[in-house]
Amino acid sequence: MRRKVEGYIFDLDGVLTNTSEFHYLAWKRIAEELKIPFDRKINENLKGVSRHECLRILLGERNPDSSLFEELLARKNSYYRDYIKRITPKSLLPGALNILDCIREKGGRIAVASVSKNTDEVMTMLGIRGKFDVILDGYSVKKTKPEPEQFLLASKMLSIVPGCCVVFEDSSAGIEAAKRAGMLSVGIGSSKRLDSADLVFNGLDKIEFNSMLGKLERF
Ligand code: B16
Ligand code: MG
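The rules behind the values
Residues numbered from 1 in each chain as written. Chains lettered and ligands numbered in written order. Predicted model: local features only at pLDDT ≥ 70, side-chain atom pairs only at ≥ 80, totals over all residues. Heavy atoms only, no water. Near = heavy atom within 4 Å. Polar contact = N/O pair within 3.5 Å; in protein donor to acceptor, adjacent residues only side chain to side chain. Areas by Shrake-Rupley, 256 points an atom, 1.4 Å probe, with all protein chains shown as cover. Helix = DSSP H or I, 4+ residues; strand = E, 2+ residues; numbered from the N terminus. Nonpolar A, V, L, I, M, F, W, Y, C, P; charged D, E, K, R; others polar. Domains from an automatic or database assignment. Donors = N, O, S within 2.8 Å, 3.2 Å for Na, K, Ca; no water. Buried < 20%, exposed > 50% of the residue type's maximum accessible area, 1.4 Å probe, protein only. Pairing = 2+ DSSP bridges. Axes fitted to C-alpha atoms, helices over the stretch in contact; angles between N-to-C directions. Salt bridge = Lys/Arg side-chain N within 4 Å of Asp/Glu carboxyl O.

K.L.:
In this structure, what is going on with the site of ligand 1? I would like to understand it.
P.N.:
Neighbouring ligand 1 are 18 residues, the closest being Val49, Arg51, Ser114, Ser116 and Lys117. Asp11 is positioned with one of its side-chain polar atoms (N or O) 2.8 Å from an oxygen atom of ligand 1. Here Gly48 contributes a backbone N or O atom positioned 2.8 Å from an oxygen atom of ligand 1. Computed on the free molecule, ligand 1 has an accessible area of 470 Å², of which 98% lies beneath the protein chains in the complex. Only α3 (51-59) and α4 (66-84) provide two or more residues apiece to the shell around ligand 1. Grouping the constituent residues of the shell around ligand 1 by class yields six nonpolar, five polar and seven charged. Each of domain 1 (7-18 + 89-216) and domain 2 (20-84) contributes no fewer than three residues to the shell around ligand 1.

Here it is in structure tokens:
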């Protein structure tokens with residue numbers, strides 16, 4: 001029997017808006033200050049991963065005492081928060097508003113599930129809070145992506161079973177979390193990096209909604 005997709009779960013950074021670039025710039029400053037090698041390739045491993053885990057990845061074998069660790073987390077966040085001051089509704093990525101409208105027309109329910117603890121502020125500055133039935137941020141669960149906990153909470157709050165939910169994600173950690181939650185997944189970005197997703201598009205604006213839905217419902 002064909003499934004009916006009714007729940008649509010969006011990642012925030014890198015899917016609805018390009019804040020992933022601001023995370024990159026903030027980590028780059030930290031890496032430079034610590035004289036640790038860092039580039040866009042290494043940055044791929046930080047996508048969809050909590051701030052704490054990002055710093056662990058960045059530090060590798062280095063093991064600073066907990067007060068320095070906490071200070072570095074706070075410093076990275078203050079750099080990031082400086083960058084996000086420039087967000088406006090124009091910072092939504094192309095195709096974002098259109099897909100949200102298409103989903104509403106179909107009667108679908110919509111959630112944001114982001115690991116970021118700055119989700120609230122970013123959503124407000126983008127002016128899109130009202131378009132979502134559920135907003136989950138980095139404070140909403142203990143175990144973050146690639147654990148499925150946040151997506152399962154989104155499914156529960158949307159009152160739609162996991163098998164009828166689809167996740168839109170730009171990170172491999174997020175695609176893995178969607179799979180472990182028993183959900184369909186749409187990768188946003190490079191098909192090489194997100195090859196385990198059910199479908200991959202190089203941006204929300206590349207999606208033809210009805211055709212995508214038809215494919216998803218046949219899986
Ligand atoms: P913050 P997402 C994630 O957001 C980012 O992809 C990841 O790079 C970042 O480290 C994480 O949020 C935590 O963000 O420092 O603002 O709490 O992609 O899940 O929307
Ligand atoms: Mg992301």
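K.L.:
What should I look at first to understand the coordination of the magnesium ion (ligand 2) in this one?
P.N.:
Under ideal tetrahedral coordination, the four donors around a metal are separated by 109.5 degrees; under ideal octahedral coordination, the six donors are separated by 90 or 180 degrees. Protein ligation of the magnesium ion (ligand 2) involves Asp11 (OD), Asp13 (O) and Asp170 (OD), the donor distances falling in the range 2.0 to 2.2 Å. Along the chain, the residues donating to the magnesium ion (ligand 2) fall in the pattern D-x1-D-x156-D. Within this pair, whereas Asp13 is found in the loop between β1 (7-10) and α1 (19-34), its partner Asp170 is found in the loop between β4 (165-169) and α8 (172-180), the two being separated by 157 residues in sequence. The pair formed by Asp13 and Asp170 is uniform in burial state, with each residue classed as buried.

K.L.:
It is not clear to me how the side chain of Asn77 should be interpreted in this structure. Could you clarify?
P.N.:
Mapped onto the elements, Asn77 comes out in helix α4. Side chain to side chain, Asn77 and Arg51 meet in a polar contact 3.4 Å long.

K.L.:
It is not clear to me how the sheet that holds strand β2 (residues 109-113) should be interpreted in this structure. Could you clarify?
P.N.:
Within a beta sheet, neighbouring strands are joined by backbone hydrogen bonds and run either parallel or antiparallel to one another. Overall, parallel pairing links the six strands, which are arranged β3-β2-β1-β4-β5-β6 in an open sheet. What marks the edges here is a single partner per strand, and that holds for β3 (134-136) and β6 (199-201). When the angles between neighbouring strand axes are averaged without regard to direction, this sheet yields 20°. As paired strands, β1 and β4 are joined by four bridges and run parallel to one another. Paired with Gly7 across the strands is Cys165, a residue of β4.

K.L.:
Just to check I follow, could you spell out unusual backbone geometry for this structure?
P.N.:
At the junction of Lys145 and Pro146, the peptide bond is cis and its omega measures out at 15° in the coordinates. Tracing the backbone through its elements, the reader meets Pro146 in the loop between β3 and α7 (149-158). Despite not being glycine, Lys35 has its phi angle at roughly 55°, a positive value. With respect to the secondary-structure elements, Lys35 resides in the loop between α1 and α2 (40-44). The phi angle at Ser159 is positive, at roughly 60°, despite the residue not being glycine. By the secondary structure assignment, Ser159 is in the loop between α7 and β4. Exposure remark for Ser159: the relative accessible area of 65% places this residue in the exposed category.

K.L.:
How should the pattern of salt bridges be read in this particular structure?
P.N.:
Pairs can form between side chains of opposite charge whenever their charged atoms are close. Under the counting rule described, the total for this entry stands at 18 salt bridges. Across the pair Arg75 and Glu33 runs a salt bridge, and its minimum N-O distance is 2.5 Å. Within this pair, whereas Arg75 is found in helix α4, its partner Glu33 is found in helix α1, the two being separated by 42 residues in sequence. A residue is classified by how much of its surface remains accessible, and Arg75, at 22% relative accessible area, is partly exposed.

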